[in-house]
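The primary structure of each chain is shown beneath.
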Amino acid sequence: MTEEIRPPVLAKTAPAPPADDLPPGIPAGRPRVRRPVVLAAMTALLLLLCLLSLAVGSRQIPLGQVLSALTGPHDGEVGAIVWDVRVPRTLLGVLAGAALGVGGAVMQALTRNPLADPGLLGVSAGAAFALMLSIGVAGVSSFYGYVWFAFGGALAASAAVYVLSGLGRGGQTPIKLALAGIAVTFMLESITRGVSLVDPQVLNRYRFWSSGSLTGQDTSTLLQVLPFLATGGLLALALAPALNNLALGDDVAASLGRRLRLIRVQGVAAVVLLTGAAVAVAGPILFVGLVVPHAVRALTGPDQRWLLPLTAVLAPCLLLAADIAGRVVARPQEIDVGIVAAFLGAPFFIALVRRRRLAEP
Amino acid sequence: MSAIEVTRTAGRTAVRLARPRASMILRPRLVLTCAGLAAATFLVLCYCLATGDYPLGLGEVIPALWGGGDQGTVLIVRTLRLPRALIGLLAGAAFGMSGAVFQTLTRNPLASPDMIGITQGAGTAVVAGIVLGVGAGLGTQTLGLGGALLTALLIYALAWNRGTTGFRIVLVGIGVNWVFVGATQYLIVKAKVYQAQQAVGWLVGNLNGRGWESVRPLAIALAVLVPVMLLLSPWLRSLQFGDQVAGGLGVPVQRARLALLCAAVGLVAFATAAAGPVAFVALAAPQIALRLAGTPRPPLTASALCGALIVLGCDLTAQRLFADLELPVGVVTGVLGAPFLLWLLVRANRSGTGG
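Residues numbered from 1 in each chain as written. Chains lettered and ligands numbered in written order. Predicted model: local features only at pLDDT ≥ 70, side-chain atom pairs only at ≥ 80, totals over all residues.

Caption draft 1: Quick peek at the overall build of chain B. What chain B contains, in helices and strands, is 14 helices and 3 strands. Whereas a compact globule of 355 residues would reach a radius of gyration of roughly 20 Å, chain B reaches 21 Å, a difference of no more than 12%. Taking the principal axes of its C-alpha atoms as reference, chain B extends roughly 65 × 55 × 40 Å. Counting over 355 residues, chain B shows a buried share of 54%. A sequence separation of at least 24 residues applies to 72% of the contacts in chain B between residues at least 6 apart. (Helix = DSSP H or I, 4+ residues; strand = E, 2+ residues; numbered from the N terminus. Rg over C-alpha atoms; globule rule 2.2 N^0.38 Å. Buried ≥ 20, exposed ≤ 12 C-beta atoms within 10 Å, placed from the backbone. Contact = placed C-beta atoms within 7 Å.)

Caption draft 2: Structural view of the confidence of the model for chain A. Residues and elements named next belong to chain A. This prediction gives chain A a mean pLDDT of 81; 86% of its residues lie at or above 70. When mean pLDDT is taken per element in chain A, helix α12 (residues 304-329) scores highest with 92 and helix α7 (residues 200-210) scores lowest with 76. Contacts of residues 1-31 to residues separated by more than four positions or lying in other chains number 25 contacts, the stretch itself having pLDDT below 50. (pLDDT = per-residue confidence, 0-100.)

Caption draft 3: Inspection of the packing of helix α2 (residues 58-65) of chain B against helix α3 (residues 71-106) of chain B at higher detail. All names here are of chain B. Direction vectors running N to C along α2 and α3 enclose 75°, while the axes themselves pass 9 Å from each other. The angle between α2 and α3 places the two elements in the roughly perpendicular class. From α2, E60, V61, A64 and L65 reach across to α3, where they touch T73, V74, V77 and R78. Class assignment for the residues of the contact of α2 with α3 results in 5 nonpolar, 1 polar and 2 charged. (Axes fitted to C-alpha atoms, helices over the stretch in contact; angles between N-to-C directions. Parallel < 35°, antiparallel > 145°, perpendicular 65-115°, else oblique. Nonpolar A, V, L, I, M, F, W, Y, C, P; charged D, E, K, R; others polar.)

Caption draft 4: Seen up close, helix α1 (residues 28-50) of chain B. Residues and elements named next belong to chain B. In this model, α1 (23 residues) spans 33 Å end to end at C-alpha, consistent with the 33 Å of a helix rising 1.5 Å per residue. All buried positions along α1 are accounted for by T33, C34, L37, T41, V44, L45, C48 and L49. Against α2, α3, α11 (281-293) and α12 (300-321) lie the buried residues of α1. In the segment just after α1, G52 is the residue with positive phi, at about 145°. (Expected span 1.5 Å × (residues − 1).)

Caption draft 5: Main features of the interface of chain A and chain B. In this complex, chain A contributes 50 residues to the contact, which on the side of chain B involves 50 residues. Broken down by secondary-structure element, the contributors of at least two residues to the side of chain A that touches chain B are α6 (174-198), α7, α11 (286-300) and α13 (337-355) of chain A. Among the elements that take part in the side of chain A that touches chain B, α6 of chain A stands out by supplying 18 residues, more than any other. Taken together, the residues of the side of chain A that touches chain B sort by class into 31 nonpolar, 11 polar and 8 charged.

Caption draft 6: Structural view of α11 of chain B. Here α11 of chain B spans 17 Å end to end across 13 residues, near enough to the 18 Å set by a 1.5 Å rise per residue. Of the residues one or two after α11 of chain B, G294 of chain B is the one with positive phi, at around 65°.

Caption draft 7: Quick look at the sheet that holds strand β2 (residues 12-17) of chain B. Residues and elements named next belong to chain B. Taken together, the 3 strands give an open sheet; going across it, the order is β1-β2-β3, and neighbouring strands pair in antiparallel fashion. Two strands bound the open sheet, and with one partner strand each, they are β1 (4-9) and β3 (22-26). Averaged over all pairs of adjacent strands, the angle between their axes in this sheet comes to 20°, without regard to strand direction. In the sheet, β2 pairs with β3 via 5 bridges, with the strands oriented antiparallel. Opposite V15, over in β3, you have M24 as the bridge partner. (Pairing = 2+ DSSP bridges.)

Caption draft 8: Representation of the environment of G52 of chain B in the model. Topologically, G52 of chain B is positioned in the loop between α1 and α2. With 28 residues separating them in the primary sequence, G52 of chain B and L80 of chain B have C-alpha atoms 10 Å apart.

Caption draft 9: Highlighting the pairing of β1 of chain B. Residue and element names in this part refer to chain B. Burial analysis of β1 places just 0 of its 6 residues in the buried class, which makes it a mostly uncovered element. With 6 bridges joining them, β1 and β2 adopt antiparallel strand pairing. Pairing of I4 across the sheet is with L17, part of β2. Connecting β1 to the next strand, β2, in antiparallel fashion are 2 residues, including A10 with a positive phi near 50°.

Caption draft 10: Examining the environment of I339 of chain A more closely. Following the sequence through the fold, I339 of chain A ends up in helix α13. Residue I339 of chain A is classed as buried on the basis of its 24 C-beta neighbours within 10 Å. Sequence separation between I339 of chain A and I285 of chain A is 54 residues; the distance between their C-alpha atoms is 8.8 Å. The residues contacting I339 of chain A, other than those within four sequence positions of it, are S211 of chain A together with G182, Q185 and Y186 of chain B.

Caption draft 11: Unusual backbone geometry, seen in detail. Phi at R112 of chain A is positive, roughly 50°, even though this residue is not glycine. For R112 of chain A, the position within the fold is in the loop between α3 (76-111) and α4 (123-136). Given 21 C-beta atoms within 10 Å, R112 of chain A falls into the buried group. One non-glycine residue, R107 of chain B, adopts positive backbone phi at about 55°. With 16 C-beta atoms packed within 10 Å, R107 of chain B lands in the partly exposed category.

Caption draft 12: Spatial organisation of the packing of α11 of chain B against helix α13 (residues 329-346) of chain B. Residue and element names in this part refer to chain B. Put simply, α11 and α13 touch, their axes get as near as 10 Å, and they point 30° apart. Taken together, the axes of α11 and α13 lie roughly parallel to each other. For the crossing formed where α11 meets α13, the hand is left-handed. Facing V281, A284, Q287, I288 and R291 of α11, the residues of α13 in contact are T333, G337, F340, L341 and L344. When its residues are assigned to classes, the contact of α11 with α13 shows 6 nonpolar, 3 polar and 1 charged. (Left-handed = near helix turned anticlockwise from the far one by under 90°.)

Caption draft 13: Representation of the nonpolar core in the model. With 241 residues, the main nonpolar core has V106 and A150 of chain A together with A91, A94 and V268 of chain B as its most contacted residues. Ranked by residue count, the leading element in this core is α3 of chain B, at 16 residues. Residues contacting A94 of chain B, with those up to four places away along its chain left out, are L222, L267, V268, F270 and A271 of chain B. (Core = buried A, V, L, I, M, F, W, Y, C linked by C-beta atoms within 7 Å.)

What follows is the structure, given as structure tokens:
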């Protein structure tokens, strides 16, 4: 991973010590934690959590048996539990977490707004709206049906936001993008809520979907959304240097040779693919994408080339840890991952932003 | 030197008085916007009072406000229609004004009190009351008020680390918001369907069945806090440039921000207690007012008027167009407010006001 990282653009003219990654005017705090060390530590943590996620559940299976079931044949009760329930669940946690985290980081960079979450373009509201339509109007009742309705709704809503924010004489600006996104989000959410207030059946489905869950998807659905996630992830990672330039302002980025329209199209496409697919399969766990990039930024600075990979590793950690905790806390019942993630992640997050001198995205 | 000095620089007309020593920039468009919004609000208010299942003429409504006319008319106007219309008016104004303050202080158009957790705290308190019966005897009004005020206190305390900044408050607010959204979600999932319906009905923002007991606290709060806010607005004007510039201009930054936040939180807490967290108003009203008036930051008075007009007009729409559904106002604010904001965004003609 380190070989791909080229030296910072600004360092060509002004070589600077690592602490000077902060924008001018913000004094550097304590020396930064070394980023490769953080990345390695987080990856190790993620692997550990994956193992835990495979081992912990309503039925206690010793780790040795889990491992032998993983390497051995798919038959037997243990094999069935591990392969049909826990592996898809863990995979979903990793994929959805990484997608939402990276989507949030890109969204914050595109709008230059710390309050931007990965659903800001109307992604989750569009998904919920389409879901409501599919339940209330089309009468879809299978999970499999939900996924594609939700994904389609997410794509349609964010396409509308993108087009709307580009209309008008001023052209597209970060603020117009954010405001158009939030306006469409509120509009769709209002309709969804209105329908769910009138139709208790829709409310009943909607409230369970909207708290977010990693259960209920099988491996084949995951494999079907994987291409979307992979494309979105690659688009986002390729965009990182351009996003660094964009942080300096539209004018500076343009004068550094960046094509703003191209950056925005690519960024929006990345966010929509990542968030749309993740929300469709796991529900709107958007706060993961809002908060984890801030946490990473507070740890290792605002360089997008590190921010995006680190977020892609830390966000699944949070989601998996929350999912595991949700299984353990209320045994034999489970608490939905979105809810546990809030209680688990928020204290850490608040402690982090209290402690550090913060660089705005 | 004359008593009044009028100068024109950079296309703006400035007026300076010799005594009392004061100066201001004339903003005809802002004045016109305020007047237009006020007139529209007044018309909608009249329409709210005059129409319904039992239509009345304005000639009957106005005397009935003071108890004149026959008994039935007085009952309809003063007991049934007036409190609801007043809550819409006052809560909308409070949401609009506090939204303008939050957006200016944090220099972020997305930083309305709903986004940084204050109304979410109120929501959690009320939903806990509905689902668990915690303090249910207090009623949604007290619970909502307490929840909002405690949440604001929590955010400020957590964001304080030898002083604080607008940015830190926003970030801590995101975290706190997250916890309360999670808690509310948990309660709703655990609830029985009818409880969930009641909870969601409150969380959307709702004026159905509100009476004078909800109007009084809100009216008193506005009577105190709106003048305070207008007195504090010079500080707000300086703080929009950031802490360092404001400090250089002689503003006591921390104290000024605390005072402004207290007033804004008070407004939003009382409005939420009376009407529920009506979605979108605190965020959209300042942005709509800013674009209508062509000012560089959300104007306080116009934002308040705009918020009042949105809530009142949307409640009227909900009552008249969807009469048999009893649709809450919060559902309509998003559906009607969002296209208007989008339209303003699309037809923005200056980069300064188009944002």
